Amino acid sequence: MIKTDKEYRECLQKLDEDLEFIEQQRQFLAKNGLSKDEIETALEPNYSFHEQLKDETLWYERAKRGDFGVLENLADLGRALIALRIAND
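Now for a look at the structure at hand. (Residues numbered from 1 in each chain as written. Predicted model: local features only at pLDDT ≥ 70, side-chain atom pairs only at ≥ 80, totals over all residues. Heavy atoms only, no water.)

The next subject is a nonpolar patch on the surface. Together, Phe-68, Leu-71, Leu-74, Leu-77, Leu-81 and Leu-84 make up a nonpolar patch on the protein surface, roughly 570 Å² of accessible area in all. The residue Phe-68 is located in the loop between helix H2 (36–65) and helix H3 (77–88) in this model. (Patch = residues over 30% accessible without salt bridge, like charges linked within 9 Å, V, L, I, M, F, W, Y side chains within 5 Å. Areas by Shrake-Rupley, 256 points an atom, 1.4 Å probe, with all protein chains shown as cover. Salt bridge = Lys/Arg side-chain N within 4 Å of Asp/Glu carboxyl O. Helix = DSSP H or I, 4+ residues; strand = E, 2+ residues; numbered from the N terminus.)

Quick look at H3 now. When the terminal C-alpha atoms of H3 are compared, their 17 Å separation across 12 residues agrees well with the 16 Å that a helix rising 1.5 Å per residue should span. For H3, the secondary structure elements touched by its buried residues are H2. (Expected span 1.5 Å × (residues − 1). Contact = heavy atoms within 4.5 Å.)

This paragraph deals with the nonpolar core. Most often, soluble globular proteins have nonpolar side chains that are buried together. Core analysis: the largest hydrophobic core is formed by 11 residues, namely Ile-2, Tyr-8, Cys-11, Leu-15, Leu-53, Trp-59, Tyr-60, Ala-63, Ile-82, Ala-83 and Ile-86. Looking at this core, the elements that each hand over two or more residues are helix H1 (5–31), H2 and H3. Counting residues per element, this core draws most heavily on H2, at 4 residues. Beyond its immediate stretch of four places on either side in the chain, Cys-11 contacts Ile-2, Leu-53 and Thr-57. (Core = buried A, V, L, I, M, F, W, Y, C linked by side-chain atoms within 4.5 Å. Buried < 20%, exposed > 50% of the residue type's maximum accessible area, 1.4 Å probe, protein only.)

Scanning all chains against the criterion turns up 1 aromatic pair. With a centroid separation of 5.1 Å and an interplanar angle of 25°, the aromatic rings of Tyr-8 and Tyr-60 are classed as stacked. You can see Tyr-8 sitting in helix H1 and its partner Tyr-60 sitting in helix H2, a full 52 residues away along the chain. The two residues Tyr-8 and Tyr-60 agree in class, both being buried. In this arrangement the basic side chain of Arg-79 is found over the ring face of Trp-59, its NZ or CZ atom lying 4.5 Å from the centre. (Phe/Tyr/Trp six-rings, centres within 6.5 Å; stacked < 30°, edge-to-face > 60°. Lys NZ or Arg CZ within 6 Å of the ring centre and 35° of its normal.)

The next subject is the packing of H1 against H2. Helices that pack against each other are described as a pair by the angle of their axes relative to one another and the distance between those axes. At a closest axis distance of 10 Å, the pairing of H1 and H2 adopts a crossing angle of 165°. Taken together, the axes of H1 and H2 are roughly antiparallel relative to one another. Here H1 runs over H2; the crossing is left-handed. Along the lines of polarity and charge, the residues of the contact of H1 with H2 split into 16 nonpolar, 4 polar and 8 charged. (Axes fitted to C-alpha atoms, helices over the stretch in contact; angles between N-to-C directions. Parallel < 35°, antiparallel > 145°, perpendicular 65-115°, else oblique. Left-handed = near helix turned anticlockwise from the far one by under 90°. Nonpolar A, V, L, I, M, F, W, Y, C, P; charged D, E, K, R; others polar.)

Quick look at the pattern of salt bridges now. Applying the stated criterion across every chain, the model contains 7 salt bridges. The closest approach of N and O atoms between Arg-26 and Glu-40, which form a salt bridge, is 2.5 Å. Residue Arg-26 is found in helix H1, and its partner Glu-40 is found in helix H2; the two are separated by 14 residues along the sequence. The exposure class of Glu-40 is partly exposed, given its relative accessible area of 34%. Shared partners join several salt bridges into a network, and the residues in it are Glu-23, Arg-26 and Glu-40.

Treat this as a map of the structure, not an account of what it does.
The structure is reproduced here in structure tokens:
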């Protein structure tokens with residue numbers, strides 16, 4: 001979970017780096033004779049991590065704007081408190 005502006009900036013940089021890495025991996029795997037389906041299967045964990053990081057950055061951006069949503073249950077209380085702190089920074 002992103003909790004500071006510094007972590008947010010690092011995540012944005014990591015998102016760009018991830019896309020470059022995925023493309024490099026795609027080219028490497030294609031050169032080594034893998035089919036499109038095999039390449040996509042091999043890259044699936046990279047896509048998953050990338051999407052998770054993207055979701056975290058979007059959550060941080062919403063928290064920064066003060067867009068917290070509704071607290072559905074107490075299990076979300078910790079995350080809501082973090083979002084409130086982020087919005088007040």
